[in-house]
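Remarks on the overall topology
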Amino acid sequence: MMFWITIALLIGLTASALIHAFVRNRETAGKTNADLSIYLNQLSELDRDLERGVIDASEAERSRVEISRRILAADVTASADNSESPRILTNWAIALTMLIVTLSSIGLYMWQGSSGLPDLPRELRLATSEELRRTRPAQAELEQAAAEQPEIPLSEEDAALMVQLREAVAGRPDDLRGLELLAFYEARLGNFIEARIAQEHLVDLKVAAGTIERQDQERLWQLMQQAAGGRVSPELEESVTARLENDPQDPAARYYLGLLYAQTDRSDLAFQLWRPLVDRTDAGIYADLVRAGIERTAFEAGVDYTLPPREPGSSGALEDLPPEEQMEAITAMVNSLAGRLADEGGPPEDWARLIASYGVLGQESTARAVWQEAQDLFGENETALEIVREGAARAGVIE
């Protein structure tokens, strides 16, 4: 209530200032016109005094020059007043102007403002962000809470092969190649939890044998994020931070830690971690992932930033990857976009891109589910729905 009282007082003060300016101009114009009448009467009186012999010719001339000077000055003032405050300005025009200003101000705030939000000083916001990061759910809880992916239909032959692969790995749980294949194909089917479990076991075995490679750990990070519905869990943060301690410039670790900060209302820190990756030639797919979201992150951080174009003639990191790794990278970007839309929402263009991407990945049932969700979200906003409908058409879920 206090907020609206303050708003009413501010609008009242603004309206009073405008009315005062209008009235003052009109009063000035009226006073100037009265002065002109007095000066003209003085000239007439001067001529009469001269005829009666009350004053001599030289004195009359001096008085006439002075009165003429005053008339000229008053005439200039009257011209300026008349140009700034036309005589057609009436009390009704003033009232209408004040009404438009008041209603426009209130309407604009009701459209763009949020009167129900409390004050959020910087210190409180930083503390809230830190609390959000510190108390977020663990990996297992995030996996349990993540929306289940629609099952991707398989042919009878492919379904039989997946059964054989699962049985083979269950019979030989320490078979590195079997675990690698199982993690890959489970992820392709959208079974990210099963894929994460297989990859995690693979990493543990390779760490014990001393044969772990960077891409093995990064593949696990990707699956952990996907299984958690796009979120960065405390376990993923711990693993990423451990690598950053040894290599503060590691692209993968900087990407995932930046993603964590972006998810916990610290876009400023996310931007600091991501910006160097845009210009690095060795950032690989993480440069593509960063380029997809850094401008939005910069905007949220209050930074004036425009994404630089790629060097002419250079191919993107995504195109340089082998076909299988390209598919993994595309899947990672799609899941990152899906996670952001689920958490923060987004414009219809992003929803259209997500639906079309699922179509490219062959996940038609998922694309159809997202299209339905977008229809519920945008309701009767036909302009937004038309944008999303184009994405659904590219995905083949509608004609």
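Residues numbered from 1 in each chain as written. Predicted model: local features only at pLDDT ≥ 70, side-chain atom pairs only at ≥ 80, totals over all residues. Heavy atoms only, no water.

**Re the packing of aromatic side chains**
Throughout the structure, instances matching the rule amount to 7 aromatic pairs. Seen from their ring centres, Phe184 and Tyr185 are 5.1 Å apart, and the 85° between their planes marks the pair as edge-to-face. Judged by its relative accessible area of 10%, Phe184 is buried. In this structure Tyr185 comes out as partly exposed when scored by relative accessible area, which is 37%. Here Trp221 and Tyr256 contribute two aromatic rings whose centre-to-centre distance is 5.9 Å and whose plane-to-plane angle is 75°, an arrangement assigned as edge-to-face. Taken together, the positions of Trp221 in helix α9 (residues 214-227) and Tyr256 in helix α11 (residues 251-263) put the pair 35 residues apart, joining distant regions of the chain. Taking relative accessible area as the criterion, Trp221 reaches 0% and is therefore assigned buried. An aromatic cluster is present here, built from Trp221, Tyr255, Tyr256, Trp274 and Tyr286 joined pairwise through their rings. (Phe/Tyr/Trp six-rings, centres within 6.5 Å; stacked < 30°, edge-to-face > 60°. Buried < 20%, exposed > 50% of the residue type's maximum accessible area, 1.4 Å probe, protein only. Helix = DSSP H or I, 4+ residues; strand = E, 2+ residues; numbered from the N terminus.)

**Side note on unusual backbone geometry**
Unlike most non-glycine residues, Asp265 shows phi in positive territory, near 65°. Residue placement: Asp265 occurs in the loop between α11 and α12 (267-279).

**With respect to the confidence of the model for the protein chain**
Of the residues in the protein chain, 77% reach a pLDDT of 70 or more, and the chain-wide mean stands at 79. This stretch, residues 80-85, has a pLDDT under 50; its non-local contacts, to residues over four places away or in other chains, come to 7 contacts. (pLDDT = per-residue confidence, 0-100. Contact = heavy atoms within 4.5 Å.)

**A few points about the nonpolar core**
Ranked by size, the top nonpolar core spans 32 residues in total, and within it Val240, Tyr255 and Trp274 carry the most contacts. Within the residue set of this core, elements represented by two or more residues are α9, α10 (234-246), α11, α12, α13 (285-291) and α14 (294-300). Residue contributions to this core peak at 9 residues, all from α11. If near-sequence neighbours (up to four positions away) are discounted, Trp274 is found in contact with Arg254, Tyr255, Gly258, Leu259, Ala262, Val290, Gly293, Ile294 and Thr297. Ala338, Tyr358, Ala374 and Phe378 belong to the second largest nonpolar core, which has 20 residues in total. (Core = buried A, V, L, I, M, F, W, Y, C linked by side-chain atoms within 4.5 Å.)

**Remarks on a nonpolar patch on the surface**
On the surface, Leu96, Leu99, Ile100 and Leu103 cluster together into a nonpolar patch covering about 400 Å² of accessible area. In this fold, Ile100 is placed in helix α3 (residues 91-112). (Patch = residues over 30% accessible without salt bridge, like charges linked within 9 Å, V, L, I, M, F, W, Y side chains within 5 Å. Areas by Shrake-Rupley, 256 points an atom, 1.4 Å probe, with all protein chains shown as cover. Salt bridge = Lys/Arg side-chain N within 4 Å of Asp/Glu carboxyl O.)

**Quick notes on the pattern of salt bridges**
Tallying each qualifying case throughout the model produces 20 salt bridges. Of the charged contacts, one joins Glu130 and Arg133 as a salt bridge, the two residues approaching to 2.8 Å between their closest N and O atoms. Pair noted here: Glu130 and Arg133 are both in helix α4 (residues 122-134), with a separation of 3 residues, about one helical turn. Note that Asp250 and Arg214 form a salt bridge whose closest N and O atoms lie 2.0 Å from each other. You can see Asp250 sitting in the loop between α10 and α11 and its partner Arg214 sitting in helix α9, a full 36 residues away along the chain. Residue classification places Arg214 among the partly exposed residues on the basis of a relative accessible area of 42%.

**Quick notes on the environment of Leu46**
Here Leu46 lies in helix α1 (residues 2-52). Judged by its relative accessible area of 7%, Leu46 is buried.

**A closer look at helix α8 (residues 192-209)**
Here α8 contains 18 residues, and its C-alpha end-to-end distance of 25 Å stays within 8% of the 26 Å for a straight helix at 1.5 Å per residue. Listing the buried residues of α8 in full gives Phe192, Ala195, Arg196, Ala198, Gln199, Leu202, Val203 and Lys206. Here the buried residues of α8 occupy an arc of 165° about the axis, which is enough to place them on one side. Immediately downstream of α8, the backbone of Gly210 shows phi near 75°, a positive value. (Expected span 1.5 Å × (residues − 1). Arc of directions from axis to C-beta.)

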